[in-house]
Amino acid sequence: SLLTFPTGILARGPWERGQVAVQWRDDSFEPAPEQTADADRAIAALEDRGSPAHDGLAARLAAFEATDGELRMTLQPMRWAVRLGQDAAASLSVLCVARDADGRWLAGRRAPWVATWAGRWALGAGGAVEVGEDPVEALTRELEEEWSVAPERFAVEALLSLPSGMTMLVGQAWLPDGAQVRRDAEHDAHAWWPAEPDA
């Protein structure tokens, strides 16, 4: 297996914006031939079903260190579509869960035409980290783009590695009282889920 990190929580916060440091490597990650073939197949499948298949560069987690209340990440440019294959090679995504003043969770159903998680319900907002971008800024950028809201309070909660080999930086945003969400075209429904996960 080509997985870089063990599946599970790699580091747990919470961290404030200033406690997460990011450094970008100049060299791009070169996927293995089987990863490239997987990515090519995935892009072709997206095109076949009429989904957007913009394949450029995005971030990959090359290394991290969590010490003394800080998270330090080293990122590297990598072909975006590698994340769609059997081994995502530590492609980095962000997920910003959002809660209202009563603690309820914002959930949205992904539209059937989107490239990933089509038709599935997901919490908050998420997406790839663009080359050169600060992933902490990407968390709130995605929230703004997908739901037209800005947080009143915000923290980076965890860095984790998924079974697919994708890595994810998770943030939690608390929206101001009375905030009105406006979903983007990537969602066809939304709901506020109860504050207690068991419910």
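## Some points on the environment of alanine 185
- Structurally, alanine 185 is set in the loop between strand E10 (167–174) and strand E11 (187–193).
- For alanine 185, the residues in contact, after removing those within four places along its chain, are Ala111 and Trp113.

## Quick word on the nonpolar core
- Counting residues in hydrophobic clusters, the biggest one holds 31 residues, and the most contacted among them are Leu71, Met73, Leu143, Val156, Leu159 and Leu169.
- If we skip the residues at most four places from it in the chain, valine 156 touches Gly13, Pro14, Trp15, Val20, Val136, Leu139, Leu169, Val170 and Gly171.
- Membership of the second largest hydrophobic core comes to 10 residues, among which are Phe29, Met78, Val82 and Ala89.

## What about the sheet that holds strand E4 (residues 70–79)?
- Taken together, three strands build an open sheet; the order of strands is E2-E4-E3 and the sheet is mixed. Edge strands, defined here as strands with exactly one partner in the open sheet, are strand E2 (20–24) and strand E3 (57–67). Geometrically, the sheet is characterised by an average inter-axis angle of 25° between neighbouring strands, direction not taken into account.
- Of the strand pairs in this sheet, E3 and E4 are connected by 10 bridges, and their pairing is antiparallel. Residue pairing across strands places alanine 58 opposite methionine 78, the latter belonging to E4.

## Observations concerning helix H1 (residues 33–48)
- If you check H1, its first and last C-alpha atoms are 23 Å apart, about what 16 residues at 1.5 Å a residue would give, namely 22 Å.
- Summarising the contacts, the buried residues of H1 are in contact with E4.

Scoring rules and cut-offs
- Residues numbered from 1 in each chain as written.
- Predicted model: local features only at pLDDT ≥ 70, side-chain atom pairs only at ≥ 80, totals over all residues.
- Heavy atoms only, no water.
- Helix = DSSP H or I, 4+ residues; strand = E, 2+ residues; numbered from the N terminus.
- Contact = heavy atoms within 4.5 Å.
- Core = buried A, V, L, I, M, F, W, Y, C linked by side-chain atoms within 4.5 Å.
- Buried < 20%, exposed > 50% of the residue type's maximum accessible area, 1.4 Å probe, protein only.
- Pairing = 2+ DSSP bridges.
- Axes fitted to C-alpha atoms, helices over the stretch in contact; angles between N-to-C directions.
- Expected span 1.5 Å × (residues − 1).

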